[in-house]
Amino acid sequence: MSKRPDRTPNDQYRLARERMVASQIEGRGITDPRVLEAFKKVPRHLFVDEALWDQAYSDYPLPIKHGQTISQPFIVALMTQALGLRGNEKVLEIGTGSGYQTAILAELAGKVYSVERIPDLLPTARRVLDRLGYTNVVLKLDDGTWGWSDEAPFDAILVTAGSPTVPKPLLEQLADPGVLVIPVGDEYSQVLLKVTKSGNKLREEQLGGVRFVKLVGDHGWRA
Ligand code: SAH
């Protein structure tokens, strides 16, 4: 990253973000203009440890606490675009982690409900999301494989951890019409599935191979 004295650190991160969007996201076929705008706007570096700020816009996943990861920007973009958000949707995210994907969803939807199972991750995510002024986000500590029944149905559901199967409660809490995106497979590799509910029928589409940390819970992997 340029160290020119006439650029503030914020300018540098903004430029890094614009480059990330051009080369990694738009350059690889993500076309939804609202998605591209959201990735230009959300300061990804604030969601990782300060020691990793200079890598925050690189083309790979980054570690957060407790052996979890914030996904590669392109994968976050691919999953987000697949939800087809237009602005008013009620969205459920399973796996808050750093809160980065949550912020992207908050830019694009009406309201975001996000569930995380590791207690220590939630306050960190909440702090950053509050600092950035997202008032349309609700976070909860729970086993997200059960969904969030009090708030169902959801127009879109995004699972950001890999599962052996699609958790039944999530399919039940999906609105009609609705779309669910989830990595499904074994613990080493998964296929990104897009499940669409329409007229009470489910349709499945594969979006490509991915590698996520485990979805640990009653309807995922056993702890
Ligand atoms: N969306 C996150 C990705 C974090 S990695 C981000 O942008 O940073 C996946 C997260 O899923 C981890 O934080 C992990 O603790 C969480 N997770 C795994 N199983 C879960 C479950 N059953 N319920 C809720 N969160 C879960």
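Preceding block: the structure.
Residues numbered from 1 in each chain as written. Predicted model: local features only at pLDDT ≥ 70, side-chain atom pairs only at ≥ 80, totals over all residues. Heavy atoms only, no water.

Participant: Explain the side chain of T145 to me, please; I cannot follow it from the model alone.
Facilitator: If you trace the backbone, T145 turns up in the loop between strand 5 (137-141) and strand 6 (154-159). Of the polar contacts made by the side chain of T145, one reaches the side chain of D143; its length is 2.8 Å. Here the side chain of T145 touches H219 through a polar contact of 3.0 Å, landing on its backbone nitrogen. Other than its neighbours up to four places away in sequence, T145 contacts P167, P169, L170, L215, G217, D218, H219 and G220. (Helix = DSSP H or I, 4+ residues; strand = E, 2+ residues; numbered from the N terminus. Polar contact = N/O pair within 3.5 Å; in protein donor to acceptor, adjacent residues only side chain to side chain. Contact = heavy atoms within 4.5 Å.)

Participant: Explanation requested: helix 5 (residues 121-131) in the structure shown.
Facilitator: A turn of α-helix holds 3.6 residues, and therefore any two residues three or four places apart point the same way. Buried within helix 5 are the following residues: L121, L122, A125, V128 and L129. When helix 5 is viewed along its axis, its buried side chains cluster within an angular range of 135° and face the same direction. What points out from helix 5, more than 90 degrees from its buried face, is the exposed set R127, D130 and R131. Buried residues along helix 5 sit in contact with helix 4 (100-108), strand 4 (111-116) and strand 5. Immediately beyond the C-terminal end of helix 5, within one or two residues, lies G133, with a positive phi of roughly 85°. (Buried < 20%, exposed > 50% of the residue type's maximum accessible area, 1.4 Å probe, protein only. Arc of directions from axis to C-beta.)

Participant: What is the right way to read the environment of L192 from this model?
Facilitator: Inspection of the secondary structure assignment puts L192 in strand 8 (residues 190-198). In this structure L192 comes out as buried when scored by relative accessible area, which is 0%. With 144 residues separating them in the primary sequence, L192 and V48 have C-alpha atoms 24 Å apart. Filtering out sequence-adjacent residues up to four positions away, L192 remains in contact with L78, M79, V181, I182, P183, E205, Q206, L207, G208 and V210.

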